[in-house]
Amino acid sequence: MCYTCRRMVARTSWCELCRFDDLLQARAVTTSIAAMEFDVRLCAVGSPARSDPDTHPGRPPFIVQVDITDVRDLAEVLDEIIEEQREFDRMLGQRSRVARTAPILTVITLTGAAEAVLILALLDW
């Protein structure tokens, strides 16, 4: 199964750039390369040809392929692309953890404040 990221690609001599066991990371790297305006596609081993990658993702390894003329340029920056994507994923993970704990802390704070107000009201009674 192979698909082209977000744009039509003319006849291209595809060459393997890298492999991933994680489909999400492979998609993220593929999208980053496409955003740099290189022809790129993602292939999954063992899946039906021309299938939708969202419904038939295949099995690892997931192979990122680029035009053979772009391999040298992309190989030089591939580690940076992967590291930036990992950092972005870490940042999103931290943000989602903070977003989940914020409502809990708000409820605890409001409950504590309400209890303090009730205790003060009872003391004045």
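Bear in mind that the values here come from a model prediction, so they are computed numbers and not experimental data.

### Details of the overall build of the protein chain
Working step 1: The number of helices and strands found in the protein chain is 2 helices and 4 strands.
Working step 2: Listed N to C, the secondary structure of the protein chain is β-β-α-β-β-α in terms of helices and strands.
Working step 3: In the protein chain, the proportion of contacts linking residues at least 24 apart, taken out of those at least 6 apart, comes to 74%.
Working step 4: Approximately 9,000 Å² of the protein chain is accessible, and the part contributed by carbon and sulfur atoms is 58%.

### Description of helix 1 (residues 23-35)
Residues spaced three or four apart along an α-helix point in a common direction, a consequence of the helix completing one turn every 3.6 residues.
Working step 1: If you check helix 1, its first and last C-alpha atoms are 18 Å apart, about what 13 residues at 1.5 Å a residue would give, namely 18 Å.
Working step 2: Here helix 1 has its buried residues at Leu-23, Gln-25, Ala-26, Ala-28, Val-29, Thr-30, Ile-33 and Ala-34.
Working step 3: Capping the start of helix 1 is the job of one residue whose side-chain oxygen sits 3.2 Å from the backbone nitrogen of Leu-24: Asp-22.
Working step 4: Note on helix 1: the residue one or two positions beyond its end, Glu-37, has a positive phi of about 65°.

### Comments concerning the pattern of salt bridges
Where charged atoms from two side chains of opposite charge approach closely, those side chains can pair.
Working step 1: This structure, assessed with the given rule, holds 3 salt bridges.
Working step 2: Of the charged contacts in the structure, one is a salt bridge between Arg-19 and Glu-16, with a shortest N-O distance of 2.7 Å.
Working step 3: When the shortest N-O distance is used, the salt bridge between Glu-83 and Arg-90 registers 3.1 Å.
Working step 4: In this structure Arg-90 comes out as partly exposed when scored by relative accessible area, which is 41%.
Working step 5: Because the salt bridges share partners, they merge into one network encompassing Glu-83, Glu-87 and Arg-90.

Thresholds, definitions, all that
Residues numbered from 1 in each chain as written. Predicted model: local features only at pLDDT ≥ 70, side-chain atom pairs only at ≥ 80, totals over all residues. Heavy atoms only, no water. Helix = DSSP H or I, 4+ residues; strand = E, 2+ residues; numbered from the N terminus. Contact = heavy atoms within 4.5 Å. Areas by Shrake-Rupley, 256 points an atom, 1.4 Å probe, with all protein chains shown as cover. Expected span 1.5 Å × (residues − 1). Buried < 20%, exposed > 50% of the residue type's maximum accessible area, 1.4 Å probe, protein only. Polar contact = N/O pair within 3.5 Å; in protein donor to acceptor, adjacent residues only side chain to side chain. Salt bridge = Lys/Arg side-chain N within 4 Å of Asp/Glu carboxyl O.

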